[in-house]
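# Coordinates in review
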Amino acid sequence: VQLQAFGGGLVQAGGSLRLSCVASGSTFSRYAMGWFRQAPGKEREIVAGITMTGGITDYADFVKGRFTISRDNAKNTVYLQMNSLKPDDTAVYYCAANLEGVAIRRTPSRYRYWGQGTKFTVSS
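The present account deals with the structure reproduced in this document.

The rules behind each value
Residues numbered from 1 in each chain as written. Predicted model: local features only at pLDDT ≥ 70, side-chain atom pairs only at ≥ 80, totals over all residues. Heavy atoms only, no water. Phe/Tyr/Trp six-rings, centres within 6.5 Å; stacked < 30°, edge-to-face > 60°. Helix = DSSP H or I, 4+ residues; strand = E, 2+ residues; numbered from the N terminus. Buried < 20%, exposed > 50% of the residue type's maximum accessible area, 1.4 Å probe, protein only. Disulfide = S-S within 2.5 Å.

Within this structure, the stated rule accounts for six aromatic pairs. Ring plane angle 80° and centroid distance 5.0 Å describe the contact between Phe-36 and Tyr-111, whose orientation is recorded as edge-to-face. Remark: Tyr-111 occurs in the loop between β9 (91–98) and β10 (113–114) and Phe-36 occurs in strand β4 (residues 32–38); sequence separation between them is 75 residues. Judged on exposure class, the residue Phe-36 and its partner Tyr-111 are both buried. Taking 6.3 Å as the distance between ring centres and 80° as the angle between the ring planes, the aromatic pair formed by Tyr-94 and Trp-114 counts as edge-to-face. Taken together, the positions of Tyr-94 in strand β9 and Trp-114 in strand β10 put the pair 20 residues apart, joining distant regions of the chain. Relative accessible area serves as the criterion here: at 25%, Trp-114 is assigned to the partly exposed category. Ring pairing ties together the aromatic residues Phe-36, Tyr-94, Tyr-111 and Trp-114, which thus form one cluster.

What follows covers the state of the cysteines. Here, disulfide denotes a covalent bond that connects the sulfur atoms of two cysteines. Counting across every chain of the model gives one disulfide. Sulfur-sulfur distance for the disulfide between Cys-21 and Cys-95 comes to 2.0 Å. The sign of the S-S torsion, about 60°, decides the handedness of the disulfide formed by Cys-21 and Cys-95: right-handed. With Cys-21 in strand β3 (residues 17–23) and Cys-95 in strand β9, this pair connects stretches of sequence that are 74 residues apart. Relative accessible area serves as the criterion here: at 0%, Cys-21 is assigned to the buried category. With relative accessibility at 0%, the residue Cys-95 sits in the buried group.

Any functional reading would require information beyond the geometric quantities listed.
Here it is in structure tokens:
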């Protein structure tokens, strides 16, 4: 599985942005998907996760109520809609696929496949 993330750029604080991650292959619907982020000098951390059917989602506390993860298995795509952005959201964002399709894991090592990352900056 190859993952490619899109949607980075520059946005003002309070603004919105949507990231997309497109997967190659025919097995996308079997994977749980996660969005992670990594800011300079910090460890990679979970932002949001979604099970293979999209029936269950999970969010880091710092994005609850602001970010929404969703997926379209027909398009092999997972999305991250980000609203009310803050400068602290500035980071490189990665999508990742977990073979445990029915579980959302918060640990990066549990994910088998990773996208290349897309960077965006939130200006104050």
